[in-house]
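Okay, here's what each chain looks like letter by letter:
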Amino acid sequence: MKFHYSFFVIMAGAMLCNCGNSQAPAEAQKIDGVFVDFCEIEKVKEHLAKNDACFEAAYNELIEKAQIAVTDNEELSVVHKKKVPASGDKHDYYSMGPYWWPDPSKADGLPYIRRDGEINPETRGDNVDTGMKSKFMANVESLTWAFYFTGDDKYADKAVELLETWFVNIATKMNPNLDYAQAIPGICEGRGIGIIDFHYIDKLISPIQILEGRNKFDAETKMAIHEWFEQYLEWLISSKNGIDEANTKNNHATWYDVQVAGIALFLDKTEMAKTVLEEVKSRRIANQIEPDGSQPLEIARTRSLSYSGMNTRGFIYLANMAQNVGVDLWNFETPDGRGIQKAMDYLLPYFAGDESWTHQQISNIDDAIGVLKLNYLIGAVKTGEEKYVNAFRSVAEPSTDLEVLLYPLFL
């Protein structure tokens, strides 16, 4: 694959950002990242200009995705789904529990029954908002980061258009709640665990921060987006579904905290975020990770390695955010030795191939390994632990994941 040489024209004058130096570029200083360190990412631009193979494949993949997204004329909005939530309002996000199927012993299939890890096709496609939401987040992410690395306004303009459609425009915007997420026919209209549908909120918050930092929103759009997140955050912490999710014990609790803390930091509610992140020690780490690093509530699932990696990623995001408010989750351990790095160490032999995963994993194990790969990339960057550095570098092929650019591991 050929490198996008137009990058060099745009980046010819790029400056190297030294995060330990007050002379960091003004552009990087404008963005106080919630999930990523923009000062470190600025350095990637210079490495790309030098044709650094560590970043080239990921950059090329990013631009290819952005090129597709910028020419995609589909209107990404919750109002286009076929099914209607119990509210009767298509502006309400609606999804169905993916592992729930019609009961074959009942004429109408109701109530649905659970088959853990097996996705019912009815819960995907244009019946619900799940796929539209995922495409929306992915396109906004690709477009905005392409704009960040190239400076090409066409990417920013398209990202703004998508965000206005989802959050601002009266005819198409989503209501700021997940009351009807992961509904189960015959059982419930929506559930607290449906909040997991928005767990990768970083795919929106980091791009919004970039677009704000580069003055790509008009005042009305910026205000409307912030108001949407204000209302959604209030819903997360005060609604029945939000409270239910906060009181769960597994990956749902971890990713709930990612959303609450991430949005709070985005909205400059620093004390709220700090409280949530401090409580991760006692509410999440102490209850989910064993002293040996295993995660029993994830291992109990039919896709046990996938969920163990996913939950660890949530803890990684929390640890990264906690650094912003003076809370150290990366090095925290309970008195009996439970901690985030302990969870990563537990999974390391399975990623490295030194041991075979013996718990149930009904889906593709390579996908689960892919999640672990990026966990060790971020862990290597944030902790400097040689074992994580070596684990990530043991992957032979150049990584095309965006995270390679966002959490740069410099040679």
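Residues numbered from 1 in each chain as written. Predicted model: local features only at pLDDT ≥ 70, side-chain atom pairs only at ≥ 80, totals over all residues. Heavy atoms only, no water.

Undergrad: With reference to specific residues and values, describe unusual backbone geometry.
TA: At the junction of Leu 110 and Pro 111, the peptide bond is cis and its omega measures out at -10 degrees in the coordinates. Take Pro 111: it is sitting in the loop between β2 (100–101) and β3 (113–114). Backbone geometry at Asn 51 places phi at a positive 60 degrees, although glycine is not the residue there. Tracing the backbone shows Asn 51 in the loop between α3 (38–49) and α4 (53–70). With a phi close to 60 degrees, Asn 215 is a non-glycine residue in the positive phi region. Turning to its location among the elements, Asn 215 is positioned in the loop between α7 (202–213) and α8 (219–238). (Helix = DSSP H or I, 4+ residues; strand = E, 2+ residues; numbered from the N terminus.)

Undergrad: So what's going on with the packing of aromatic side chains? Residues and values would help.
TA: Scanning all chains against the criterion turns up 24 aromatic pairs. Judged by centre distance (5.5 Å) and plane angle (75 degrees), the rings of Phe 229 and Phe 266 are edge-to-face. Note that Phe 229 is positioned in helix α8 and Phe 266 in helix α10 (residues 251–266), a separation of 37 residues in sequence. Judged by its relative accessible area of 0%, Phe 229 is buried. Taking relative accessible area as the criterion, Phe 266 reaches 5% and is therefore assigned buried. Summarising the aromatic geometry, the rings of Trp 255 and Tyr 317 are spaced 5.5 Å apart at their centres and angled 75 degrees between planes, so their arrangement reads as edge-to-face. Here Trp 255 is found in helix α10, whereas its partner Tyr 317 is found in helix α13 (residues 304–323), with 62 residues between them in sequence. For the residue pair Trp 255 and Tyr 317, the accessibility class agrees, reading buried in each case. Among the aromatic residues, ring-to-ring pairing joins Tyr 93, Phe 136, Trp 166, Phe 167, Phe 198, Trp 228, Phe 229, Tyr 232, Trp 235 and Phe 266 into one connected group. In this structure, Arg 301 packs its charged tip against the face of Tyr 307, placed 4.1 Å from the ring centre. (Phe/Tyr/Trp six-rings, centres within 6.5 Å; stacked < 30°, edge-to-face > 60°. Buried < 20%, exposed > 50% of the residue type's maximum accessible area, 1.4 Å probe, protein only. Lys NZ or Arg CZ within 6 Å of the ring centre and 35° of its normal.)

Undergrad: Any chance you could break down the packing of α10 against α13 for me, citing the residues and the numbers?
TA: Closest axis-to-axis distance for the α10/α13 pair is 9 Å, and the angle between their directions is 25 degrees. Judged on the interaxial angle alone, α13 and α10 are roughly parallel. Taken as a pair, α10 and α13 cross one another with a handedness that is left-handed. Judged by residue contacts, Asn 251, Thr 254, Trp 255, Asp 257, Val 258, Ala 261, Gly 262 and Leu 265 of α10 engage Tyr 307, Met 310, Asn 311, Arg 313, Gly 314, Phe 315, Tyr 317, Leu 318 and Met 321 from α13. Grouping the constituent residues of the contact of α10 with α13 by class yields 10 nonpolar, five polar and two charged. (Axes fitted to C-alpha atoms, helices over the stretch in contact; angles between N-to-C directions. Parallel < 35°, antiparallel > 145°, perpendicular 65-115°, else oblique. Left-handed = near helix turned anticlockwise from the far one by under 90°. Contact = heavy atoms within 4.5 Å. Nonpolar A, V, L, I, M, F, W, Y, C, P; charged D, E, K, R; others polar.)

Undergrad: An account of helix α14 (residues 340–352) is requested, with residue identities and associated values reported.
TA: For α14, with 13 residues, the first-to-last C-alpha span of 18 Å sits near the 18 Å given by 1.5 Å per residue. Turning to α14, its buried residues are Ile 340, Gln 341, Ala 343, Met 344, Tyr 346, Leu 347, Leu 348, Tyr 350 and Phe 351. Those residues of α14 that are buried are in contact with α11 (270–288), α12 (296–299), α13, α15 (365–383) and α16 (386–393). Immediately downstream of α14, the backbone of Gly 353 shows phi near 85 degrees, a positive value. (Expected span 1.5 Å × (residues − 1).)

Undergrad: Can you break down the environment of Ser 306 residue by residue, with the values?
TA: Here Ser 306 shows up in helix α13. For the pair formed by Ser 306 and Gly 337, sequence separation is 31 residues and the distance between their alpha carbons is 23 Å. What Ser 306 contacts, discounting residues up to four positions off in sequence, is Gln 361, Ser 363 and Ala 368.

None of this, on its own, says anything about what the molecule does.
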